[in-house]
Amino acid sequence: MSLTLALLLAGQTAAAAAAPVAAQDDAAPATAPAGASEGARPAAAAPGSGDILVTARRRAESVQRVPIAMSVVGGAEIDRTGAFNVNRLQQQQPSLQFFSSNPRNSAINIRGLGAPFGLTNDGIEQGVGFYVDGVYIGRIGASTFDFVDVDRVEVLRGPQGTLYGKNTTAGALNVTTRPPSFTPEGRAEISVGNYDFVQGKASISGPLSDTVALRLSSSATTRKGTIYDVTSQQDLHRQRNLGLRGQLLWNATDSLHFTLSGDFNVQNPECCVQYYARVGTTQRPIARQYDALAAALNYAPPSRDPFDRRTDLDAAINSRQEVGGASLVADWDLGPATLTSVSAWRYWDWQPQNDRDFTGLPITTVSQNPSQQKQVSQELRLASNGTNRLDYTVGAFLFHQTIDTQGSQVQGPAASRFLLSGTDANNPNVLNGLTSTNTITFDNTSFAVFGKLNWALTDALHIQPGLRVNYDRKSGFYESVVSIANSQYNFTATADNVAALLAAQPTTAARTTFQNQINTLAPQRYSPRFSAWNTSGDVTVSYDFAPEIHGYATYARSFKSGGINLSGLPLNSTSTGVDLSTQTVKPEKVNNYEIGLKTQFLDRRLTLNLAGFWTDVSDYQATVNNNAINVIRGYLANAGKVRSRGVEFDTSFRPSKRLNLYVSGAFTDATYVDFKNAPCPPELSGGSAASLTNPASPAGQAGSSTQPSYSPAQCDISGQRLPGISKWSFSYGGEYNLPVDGSGGEVYVGYDGNYRSRFSSNPSPSAYTWIEGYSISNVRAGYRKDDFNVFGWVRNVFDQNYFELLSTQSGNTGLVVGQPGDPRTYGATVSKRF
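What comes next is a walk through the structure. These numbers come from a predicted model, not from an experiment.

## Some thoughts on the overall build of the protein
Thinking step 1. Helix and strand content of the protein: eight helices and 46 strands.
Thinking step 2. A total of 834 residues make up the protein; the buried ones form 60% of that total.
Thinking step 3. Within the protein, contacts between residues at least 6 apart in sequence are counted, and of these 69% link residues at least 24 apart.
Thinking step 4. Accessible area of the protein: about 30,400 Å², with a carbon and sulfur share of 58%.

## Quick notes on the sheet that holds strand β18 (residues 310–311)
Thinking step 1. Taken in spatial order, the three strands make up an open sheet running β14-β13-β18, and their pairing is mixed. Sheet topology places β14 (234–236) and β18 at the edges, where each strand pairs with a single neighbour.
Thinking step 2. In the sheet, strand β13 (residues 227–229) pairs with β14 via three bridges, with the strands oriented antiparallel. Paired with Tyr228 across the strands is Asp235, a residue of β14.

## What about a nonpolar patch on the surface?
Thinking step 1. Nonpolar side chains collect at one region of the surface, where Ile190, Val192, Val198, Phe788 and Val830 lie side by side and expose about 350 Å² of accessible area between them.
Thinking step 2. Within the secondary structure, Val192 sits in strand β10 (residues 185–193).

## Points about the sheet that holds strand β44 (residues 803–808)
Thinking step 1. Taken in spatial order, the three strands line up as β17-β45-β44 in an open sheet, and their pairing is antiparallel. Looking at which strands have only one partner, the edges of the open sheet turn out to be β17 (275–279) and β44. Neighbour-to-neighbour, the strand axes of this sheet turn through a mean angle of 35°, independent of strand direction.
Thinking step 2. As paired strands, β17 and strand β45 (residues 815–820) are joined by four bridges and run antiparallel to one another. When the sheet's bridge partners are listed, Arg278 is paired in β45 with Val816.

## Remarks on the nonpolar core
Burial of nonpolar side chains together is a common tendency in soluble globular proteins.
Thinking step 1. Grouped together as the largest cluster of nonpolar side chains are 45 residues, with contacts concentrated most on Ile108, Phe130 and Leu173.
Thinking step 2. Beyond its immediate chain neighbours, meaning those up to four positions away, Leu173 contacts Val86, Leu89, Leu96, Ile108, Ile110, Val128, Gly129, Phe130, Tyr131, Glu154 and Val155.

## Here we look at the packing of aromatic side chains
Note on aromatic pairs: each is described by the distance of the centres and the angle between the planes.
Thinking step 1. Taken as a whole and assessed by the stated rule, the structure comprises 23 aromatic pairs.
Thinking step 2. Three or more aromatic residues joined by ring pairs form one cluster here, namely Tyr131, Tyr136, Tyr164, Phe397 and Phe399.
Thinking step 3. Its guanidinium or amino end placed over the ring of Phe759, Arg756 lies 4.3 Å from that ring's centre, counting from NZ or CZ.
Thinking step 4. Over the ring of Trp770 we find Arg758, and its NZ or CZ is 4.2 Å from the ring centre.

## Comments concerning helix α7 (residues 508–520)
Along an α-helix, residues three or four positions apart point the same way, because every turn accommodates 3.6 residues.
Thinking step 1. Between the first and last C-alpha of α7 there are 18 Å, a value that for 13 residues agrees with the 18 Å anticipated at 1.5 Å per step.
Thinking step 2. By the burial criterion, the buried members of α7 are Ala510, Thr513, Phe514, Gln515, Gln517, Ile518, Asn519 and Thr520.
Thinking step 3. Residues of α7 that are buried in the fold lie against β23 (390–411), α5 (415–419), β25 (461–485), β26 (490–493) and α6 (498–503).

## Digging into unusual backbone geometry
Thinking step 1. Cis geometry is found at the peptide bond from Cys271 to Cys272, where omega equals 10°.
Thinking step 2. Its place among the elements puts Cys272 in the loop between β16 (256–267) and β17.
Thinking step 3. Phi angles above zero are rare outside glycine, and Arg309 is one such case at about 60°.
Thinking step 4. Relative to the helices and strands, Arg309 is located in the loop between α4 (290–296) and β18.

## Quick word on the pattern of salt bridges
Thinking step 1. For the coordinates displayed, the defined rule picks out 42 salt bridges.
Thinking step 2. A salt bridge links Glu125 to Lys474; the shortest N-O distance between them is 3.1 Å. Separated by 349 residues along the polypeptide, Glu125 in the loop between β5 (106–110) and β6 (128–132) and Lys474 in strand β25 bring together distant segments of the chain.
Thinking step 3. Overall, Glu125 belongs to the buried group, its relative accessible area being 9%.
Thinking step 4. Residue Lys474 is classed as buried on the basis of its relative accessible area of 1%.
Thinking step 5. With a shortest N-O distance of 2.9 Å, Arg381 and Glu379 are connected by a salt bridge. With respect to burial, Arg381 and Glu379 carry one shared label: buried.
Thinking step 6. Salt bridges sharing common partners tie together Asp79, Asp149, Arg178, Glu185, Arg187, Glu189, Lys201 and Arg215.

## Section: the side chain of Asn167
Thinking step 1. Within the secondary structure, Asn167 sits in the loop between β8 (150–157) and β9 (171–177).
Thinking step 2. Side-chain polar atoms of Asn167 contact the backbone oxygen of Phe559, separated by 2.4 Å.
Thinking step 3. Once residues within four sequence positions are removed from consideration, Asn167 is found in contact with Gln160, Gly161, Arg468, Ser536, Ser558 and Phe559.

## Details of the state of the cysteines
Thinking step 1. Using the criterion set out here, one finds two disulfides in the structure.
Thinking step 2. With a sulfur-sulfur separation of 2.3 Å, Cys271 is cross-linked through a disulfide to Cys272.
Thinking step 3. Its relative accessible area of 15% is what places Cys272 among the buried residues.
Thinking step 4. Here Cys680 engages in a disulfide with Cys715; their sulfurs sit 2.2 Å apart. Because the torsion about its S-S bond is 100°, the bridge between Cys680 and Cys715 counts as right-handed. Taken together, the residues Cys680 in the loop between β37 (659–674) and α8 (689–693) and Cys715 in the loop between α8 and β38 (728–739) connect sequence positions 35 residues apart.
Thinking step 5. When the bonded cysteines of the protein are numbered from the N-terminus onward, they pair as 1-2, 3-4.

Rules and cut-offs
- Residues numbered from 1 in each chain as written.
- Predicted model: local features only at pLDDT ≥ 70, side-chain atom pairs only at ≥ 80, totals over all residues.
- Heavy atoms only, no water.
- Helix = DSSP H or I, 4+ residues; strand = E, 2+ residues; numbered from the N terminus.
- Buried < 20%, exposed > 50% of the residue type's maximum accessible area, 1.4 Å probe, protein only.
- Contact = heavy atoms within 4.5 Å.
- Areas by Shrake-Rupley, 256 points an atom, 1.4 Å probe, with all protein chains shown as cover.
- Pairing = 2+ DSSP bridges.
- Patch = residues over 30% accessible without salt bridge, like charges linked within 9 Å, V, L, I, M, F, W, Y side chains within 5 Å.
- Salt bridge = Lys/Arg side-chain N within 4 Å of Asp/Glu carboxyl O.
- Axes fitted to C-alpha atoms, helices over the stretch in contact; angles between N-to-C directions.
- Core = buried A, V, L, I, M, F, W, Y, C linked by side-chain atoms within 4.5 Å.
- Phe/Tyr/Trp six-rings, centres within 6.5 Å; stacked < 30°, edge-to-face > 60°.
- Lys NZ or Arg CZ within 6 Å of the ring centre and 35° of its normal.
- Expected span 1.5 Å × (residues − 1).
- Polar contact = N/O pair within 3.5 Å; in protein donor to acceptor, adjacent residues only side chain to side chain.
- Disulfide = S-S within 2.5 Å.

Structure representation (structure tokens):
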């Protein structure tokens, strides 16, 4: 913050607040002349003109002239389609994937890259950047709030680091909110629907003086759940969301502006539940597979049809999170260039409750990882104004983040049966009450200088090199203490006394029992450290073949920072302690090649943009296993190499004022090129080396012609598909309107659809965790006039049954649990601007 205050004394302004004007017409995109500053909001373009203002290159310019593969979703489109968070947004963006078993365990991927699939590890970073008004959000969990008063969302595909504060290897989501206005304005919207859905949005903006303007915005959502818990007799997956945002603009001089922003968001849903989806066969003995285990305990799920939407969880469930922060953005127009400062402080407070055995049995009775994150960031940026033969952007970025997580897990009386073998499995007391308490801390400091040139060799030919020098330092602490207290066992195991406790056991059988106990929730303590310098860069060559036909080619050498393991480590070869060689993860190294073409025809009423890409990632950060049979969880390590390649297109057509249409699509081929120590899929888990040599379920490797190899604890899945990625994905739709005689208004009907082909929902492809392809159709119809709009809507019109994700139960029992997507919902929305 001190850097911004120093600039304040010198006199400067807020980049996101330069000379705002009256509110835009929701039906028209915002535009700006070439060279306008990042925050400028000039008058709207004519509908259908195709001139959409973006700030992807830290200056306001038409999206069609930016040599980056990107898509833009305007605020009006968000309001019309109900895409009020990242999960909804992915339905309109074929290259964007969002996965979330709860907010902390969330991932945003672009082109299949960004974050490893599986449970969150505090010690690594994301490959897709999430920005709100220029402020980088350090954890994906803190990006799952509802959008409040958004002007647009830009989805940038491919590495971003020579123009942005934080380096990202897969892309960025750049959210820009509506700025304060010196023309008084207000917006109000109310939506109601089935499942007792109610959502209200409101914002007001206007001057406090000739030089000061204010905007206040709010959003509140409530909806009852879509999954019925027969145990608590409550509906789960409810929504309880509240978002508040305030912005204060001060035009200190004609060239000096500041924007002070603050926001507060709280979500308190009863979610996120996964429950019975199907059962597969593993390499375990039949008596230790799910159906036999459930029968032995006289248990049956409330339904074996997951789309009955019924569960019987016996542990409390919740996903409360609080997200907020403040920022000061300053913009000082120096004439030839603009100096920008972005200072921010943010926090995220996560308070979960989970049922991690996913059943009504007391296997795991407590499993939760409350976490608190705080971050401060400072970005300084100098960008040339106007359009010149040589334009430039140079900057520096400082980021500091701390995370504190307090984990706890408690095993119940059914844990022994489900997790152990031999005589221990028949004794509930072996694991009943076994408790692990984890203390996790993380400290992350990142500093970078970066720059990008735009050199116009001719009026048509541009070369745009960029460079970034980055330093990262990470440190952490992990401690797990394991204790048990019941009628048969009473001990507390720490990393220091495990060997002594093991030696104190009076018999071999007792030592085996004790070893089983501590291996289930391994006590350990370690303090990992990581630091490294990285240099990366890119070069783009763009050529204007005609006034509305622009081509480009890009090569980028990028990286994702190395990290530290903060979810526990595997035991060493003698099982006497943790393998400290696995506590750090090397940086990912990325080579990205891309070509693109951006075109407009028919007086810019037809837009067609194409992009082809090829991305190689070495030292890919993924969840792996080692060879020790007694390792019961994966950890993060570098997994050789992956490759993502494909083609994308975005097209829109507005043949008249009455009709507009759009289609976007992506073909993505993302595979593990080299991954020899991957966790085995469930059908290949739990067996001996001999049984895995000729697996009983080769269908588990569907989707590849490569025959993997196996060991007792790991599989070679080189050549297999990456999880979460559909080879084919599309979004499509349109709107048609007719004038209403004499009223000055119009009636309209709109359709929005999306399709995803089948994808794997397991880090290693499995026959049991493929999610089959599905399509979702949404419709709306209404009446609008001037600043008034009323319409009815139906989402998932055909009540498509589909899973958002599938996962396996701990212990390799063969149980596969799923999280279903929303069923058909319907309702009505009324909005008014004044």
